[in-house]
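Read off the chains here:
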Amino acid sequence: MREQYRSEVLAEGALAPAPMDQFARWFRQAVDGGLHEPNAMVVATATPDGRPSTRTVLLKAYDERGFVFFTNYQSRKGGELAANPHVSLLFPWHQIARQVIVTGTAARVSRAETAAYFRTRPHGSQLGAWASDQSRVVASRDALTASYADLEARYPEGEKVPVPPHWGGYLVVPETVEFWQGHENRLHDRLRYARTDEGGWSVERLNP
C-alpha cells in the first residue's frame, strides 16, 4: 500500500528561527485543517538497558520550554523515565503528509503546574486518575469499575477531588526537532533543528 504525497516544498528559508515557533505554526495548520486529535503523540521511552516501549498520549501544553503531557508517575512510562529521562515524541499527521519527531529529555513539572491542569480536567477524569493503577495487572474490568464507583461515592459531582500524589506532568525539553513533509517519489523534506553548544539552534537537511 503506497500513496504519492503531493505537497509544497519545505525550504530552510521558510522555517521559523526556533523549533517551538515552527511547531506552533504547523500545529495551528493541523488544527485548522480539521485533523482528528492533532495533539495525539506517540511517546517512546526505554529502560536503562535499552528496551523500548511506546504509547499514545495527548499533548496538553507547549511553549518555548518544550512539550508537556500528564500521566501516572507509577506507570510503565513513569518508571522508565525515572530511570532514563531520554524520550522521543512523534506527531503522526498522516492526513496532511507531515510528521514532527522530537528527541530530548523529560522532567516532572512543578506540583503547582500539575494541580492547575488537574483542576481543568472533567470530574470523571479526575476520579479515573485515582481509580487506575496504570500499567499494573487488574483482576477484571469489574474490579476497575468498582474502584471508580467507590471514588464516585466519596467525591460526587461538584466535590473537590484532591490531586493524586502519584500523578502529574512531564516537560520534554527538545534536543532535536525534525519536521517531515511528504512528497511524491519519496523525495520527502526532512529538516531537523539541533541544539547547539551555545544554546541556539542549527538546521540540517536529512536525506529521506
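Up top is the structure these notes are about.
A brief report on the enclosed structure follows.

Each value, and the rule that gives it
Residues numbered from 1 in each chain as written. Predicted model: local features only at pLDDT ≥ 70, side-chain atom pairs only at ≥ 80, totals over all residues. Heavy atoms only, no water. 1 Å grid on protein atoms, 1.4 Å probe; cavity = no way out; pocket = protein on both sides within 12 Å on 5 of 7 lines; lining within 4 Å. Points joined across faces, edges and corners; volume = space filled by probe spheres on them. Helix = DSSP H or I, 4+ residues; strand = E, 2+ residues; numbered from the N terminus. Nonpolar A, V, L, I, M, F, W, Y, C, P; charged D, E, K, R; others polar. Pairing = 2+ DSSP bridges. Core = buried A, V, L, I, M, F, W, Y, C linked by side-chain atoms within 4.5 Å. Buried < 20%, exposed > 50% of the residue type's maximum accessible area, 1.4 Å probe, protein only. Contact = heavy atoms within 4.5 Å. Expected span 1.5 Å × (residues − 1). Polar contact = N/O pair within 3.5 Å; in protein donor to acceptor, adjacent residues only side chain to side chain. Phe/Tyr/Trp six-rings, centres within 6.5 Å; stacked < 30°, edge-to-face > 60°.

## Structural notes on the layout of surface pockets
Point 1. Looking at the largest pocket, its volume works out to about 230 Å³.
Point 2. Phe70, Thr71, Arg121, Gln134 and Trp167 are, among the 15 residues lining the largest pocket, the residues nearest its centre.
Point 3. Taken together, the elements giving at least two residues each to the lining of the largest pocket come down to β2 (52-58), β4 (66-72) and α4 (123-131).
Point 4. The residue inventory of the lining of the largest pocket, partitioned by class, reads six nonpolar, six polar and three charged.
Point 5. Computed from the structure, the second largest pocket encloses a volume of approximately 160 Å³.
Point 6. As for the second largest pocket, its lining consists of Ser7, Glu8, Val9, Leu10, Ala11, Ala14, Gln22, Arg25, Trp26, Gln29, Arg98 and Gln181.
Point 7. Among the elements that make up the lining of the second largest pocket, the one with the highest residue count is helix α1 (residues 19-32) (four residues).
Point 8. Residues of the lining of the second largest pocket, tallied by class, amount to five nonpolar, four polar and three charged.

## Regarding the pairing of strand β9 (residues 201-205)
Point 1. Bridge count for strand β8 (residues 189-195) against β9 is five bridges, and the pairing is antiparallel. Bridge pairing in β9 links Leu191 to Arg205.

## Some points on the nonpolar core
Point 1. Phe23, Phe67, Trp93 and Val100 are the most contacted members of the largest nonpolar core, which totals 30 residues.
Point 2. Of all elements in the fold, only α1, β1 (40-46), β4, β5 (86-93), β6 (98-108), β7 (167-181) and β8 reach the threshold of two or more residues within this core.
Point 3. Contact partners of Val100, with chain neighbours within four places excluded, come to Phe23, Trp26, Leu89, Leu90, Phe91, Trp93, Val177, Glu178 and Phe179.
Point 4. Among the nonpolar cores identified, the runner-up in size contains 13 residues, and Tyr117, Phe118, Ala131 and Val161 belong to it.

## Focus: unusual backbone geometry
Point 1. The residue Glu37 is not glycine, and still its phi comes out positive at about 45°.
Point 2. Mapped onto the elements, Glu37 comes out in the loop between α1 and β1.
Point 3. Given a relative accessible area of 41%, Glu37 falls into the partly exposed group.
Point 4. One non-glycine residue, Ser135, lies in positive phi territory at about 80°.
Point 5. Summarising the element assignment, Ser135 is placed in the loop between α4 and α5 (141-154).
Point 6. Of the residues examined, Ser135 reaches a relative accessible area of 53% and is grouped as exposed.

## Quick notes on α5
Point 1. Over its 14 residues, α5 runs 20 Å from end to end, which matches the ideal 20 Å to within 8%, given 1.5 Å per residue.
Point 2. Backbone nitrogen of Asp142 and a side-chain oxygen of the N-cap are separated by 3.4 Å at the start of α5; the cap is Ser140.

## Some points on α4
Point 1. Residues of α4 that are buried: His123, Gln126, Leu127, Ala129 and Ala131.
Point 2. In this structure, the buried residues of α4 make contact with α3 (111-118), α5 and β7.

## A closer look at the packing of aromatic side chains
We describe a pair of aromatic rings using the distance from one ring centre to the other and the angle between the two ring planes.
Point 1. With the rule as written, the count across this model stands at 17 aromatic pairs.
Point 2. Measuring from ring centre to ring centre gives 5.0 Å for Phe23 and Phe67, while their planes differ by 85°; the resulting arrangement is edge-to-face. Here Phe67 lies in strand β4 and Phe23 lies in helix α1, a separation of 44 residues in the sequence.
Point 3. With a relative accessible area of 0%, Phe23 lands in the buried category.
Point 4. Here Phe67 falls in the buried class, since its relative accessible area comes to 0%.

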